[in-house]
Amino acid sequence: MKEVGFIFDLDGVIVDTAKYHYLAWRKLANELGFEFTKEQNELFKGVSRKRCLEILLDIGSVKATQEQFDTWMIEKNEDYLAYIQKMDASEILPDVPRVLQYLKNKNIPIALGSASKNAKPILEKVGLLSYFDSIVDGNSVTKAKPDPEVFLIAANNLNVKAESCVVFEDAVAGIQAANAAGMIGIGIGDVDILHEADYNFKDFTEIDDSFLELLLNKNHK
Ligand code: B16
Ligand code: MG
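The rules we used
- Residues numbered from 1 in each chain as written.
- Chains lettered and ligands numbered in written order.
- Predicted model: local features only at pLDDT ≥ 70, side-chain atom pairs only at ≥ 80, totals over all residues.
- Heavy atoms only, no water.
- Near = heavy atom within 4 Å.
- Polar contact = N/O pair within 3.5 Å; in protein donor to acceptor, adjacent residues only side chain to side chain.
- Areas by Shrake-Rupley, 256 points an atom, 1.4 Å probe, with all protein chains shown as cover.
- Helix = DSSP H or I, 4+ residues; strand = E, 2+ residues; numbered from the N terminus.
- Domains from an automatic or database assignment.
- Contact = heavy atoms within 4.5 Å.
- Buried area = accessible area lost by both parts, 1.4 Å probe.
- Salt bridge = Lys/Arg side-chain N within 4 Å of Asp/Glu carboxyl O.
- Nonpolar A, V, L, I, M, F, W, Y, C, P; charged D, E, K, R; others polar.
- Phe/Tyr/Trp six-rings, centres within 6.5 Å; stacked < 30°, edge-to-face > 60°.
- Buried < 20%, exposed > 50% of the residue type's maximum accessible area, 1.4 Å probe, protein only.
- Lys NZ or Arg CZ within 6 Å of the ring centre and 35° of its normal.
- Donors = N, O, S within 2.8 Å, 3.2 Å for Na, K, Ca; no water.
- Axes fitted to C-alpha atoms, helices over the stretch in contact; angles between N-to-C directions.
- Parallel < 35°, antiparallel > 145°, perpendicular 65-115°, else oblique.
- Left-handed = near helix turned anticlockwise from the far one by under 90°.

Here the focus is the site of ligand 1. Taken together, 19 residues lie around ligand 1, and Asp11, Val47, Ala115, Ser116 and Lys117 are the ones closest in. Between an oxygen atom of ligand 1 and a main-chain N or O atom of Ala115, the distance comes to 2.7 Å. Alone, ligand 1 offers 460 Å² of accessible surface; in the complex the protein occludes 99% of this. Secondary-structure elements contributing two or more residues to the shell around ligand 1 are helix H3 (49-59) and helix H4 (66-84).

See below:
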């Protein structure tokens, strides 16, 4: 067993793919005859694709047959994939590579824990895939955050005890999942929204080497 493991969420932590999810969901909403605002898109952060479509259809008061539902899921994802095709390293959020490199230099195992089924191609596009010892994404889980499944699988893959893992998350459900897994949860974003986290930072520029050392030496929650 390794001593400590680090788990990163993708959207909102490593890259801001929420803006592309928004454009693809808004296009679908407009085709179905209603508006979808950036504020409403906040509800979609960290939420599975299927659940997002259910919420979207509720917002537009649209009833769908199973066939329509499946078609719209595919259509939204195809539009989203067209956006992420154009992604490159310039879209990595500030100081994420510095933190990943710091951990890599110390041989700390690193996993991705994301709800997205497109996580691997995104990491490939932005050139960060090689930092990750394990990718746990929407293809590997049966239960969505706030269920701890995604992070528990990641800990298991890294061969680290759950209580010795650190999770970086931008979504309330993600912090709740980290807490349910018994892990140290670090909120990236608005402290008022992510107040259930053990530590809060606006972004990775606020996370310095001495804080990373503190986490490495803490060993468990
Ligand atoms: P996909 P995360 C989440 O990513 C997004 O925040 C959420 O808006 C999206 O619906 C979900 O991934 C599924 O994404 O459609 O690509 O499978 O924050 O868990 O990395
Ligand atoms: Mg996220």
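The next thing to look at is the domain arrangement of the chain. Frequently, the measure chosen for interface size is the accessible area that the parts lose on association. What the domain assignment lists for the chain is domain 1 (5-16 + 89-216) and domain 2 (18-84). Each partner contributes residues to the interface: domain 1 has 10 residues there, and domain 2 has 11 residues. Both sides together, the interface formed by domain 1 and domain 2 hides about 1,000 Å², and carbon and sulfur atoms give 47% of it. In terms of surface lost to domain 2, no three residues of domain 1 exceed Asp11, Asp16 and Asn118, which account for 41% of the buried area on that side. Connecting domain 1 to domain 2 are 1 salt bridge. A salt bridge links Lys19 to Glu91, with the shortest nitrogen-to-oxygen separation between them at 3.5 Å. The interface formed by domain 1 and domain 2 holds 4 residue pairs in polar contact (both at pLDDT 80 or more) in total. When grouped by side-chain class, the residues that make up the side of domain 1 that touches domain 2 number 3 nonpolar, 1 polar and 6 charged.

On to the side chain of Asp11, then. Looking at the secondary structure, you find Asp11 in the loop between strand S1 (5-8) and helix H1 (18-31). Among the polar contacts listed, one links the side chain of Asp11 to the side chain of Thr17, at a separation of 3.0 Å. Sequence-distant contacts of Asp11, defined by excluding residues within four places in its chain, comprise Asp16, Thr17, Ala18, His21 and Asp170.

The next thing to look at is the packing of aromatic side chains. Counted by the stated rule, this structure contains 11 aromatic pairs. On the basis of an interplanar angle of 50° and a centroid distance of 5.1 Å, the ring pair of Phe168 and Phe204 is categorised as tilted. Here Phe168 is found in strand S4 (residues 165-169), whereas its partner Phe204 is found in the loop between strand S6 (199-201) and helix H9 (209-218), with 36 residues between them in sequence. Relative accessible area serves as the criterion here: at 0%, Phe168 is assigned to the buried category. What makes Phe204 buried here is its relative accessible area of 1%. What links up through ring pairs into an aromatic cluster is the set Phe6, Phe8, Phe132, Phe168 and Phe204. Taking NZ or CZ as reference, Lys76 lies 4.5 Å from the ring centre of Tyr80, over its face.

Throughout the structure, instances matching the rule amount to 13 salt bridges. One salt bridge in this structure joins Glu54 and Arg51, with 2.8 Å as the shortest N-O distance. Taken as a pair, Glu54 and Arg51 lie in helix H3 at a separation of 3 residues, close to a single helical turn. Accessibility expressed as a relative area gives 40% for Arg51, which makes it partly exposed.

Looking now at the coordination of the magnesium ion (ligand 2). The coordination sphere of the magnesium ion (ligand 2) contains the protein donors Asp9 (OD), Asp11 (O) and Asp170 (OD), at a distance range of 2.0 to 2.1 Å. Written as a sequence motif, the donor residues of the magnesium ion (ligand 2) are D-x1-D-x158-D. Pair noted here: Asp11 is in the loop between S1 and H1 and Asp170 is in the loop between S4 and helix H8 (172-180), with a separation of 159 residues, a long-range link. With respect to class, Asp11 is no different from Asp170; both count as buried.

Another aspect to go through is the packing of H3 against H4. A pair of packed helices is captured by two measures, namely the crossing angle of their axes and the spacing between those axes. Two elements in contact, H3 and H4, have axes whose closest approach is 11 Å; the angle formed by their N-to-C orientations is 110°. What the angle tells us is that H3 and H4 run roughly perpendicular. Our pair here, H3 against H4, has a crossing hand that is right-handed. Residues Arg49, Lys50, Leu53, Glu54 and Leu57 of H3 form the contact with H4, whose own contacting residues are Phe69, Trp72, Met73 and Asn77. Its residues assigned to classes, the contact of H3 with H4 shows 5 nonpolar, 1 polar and 3 charged.

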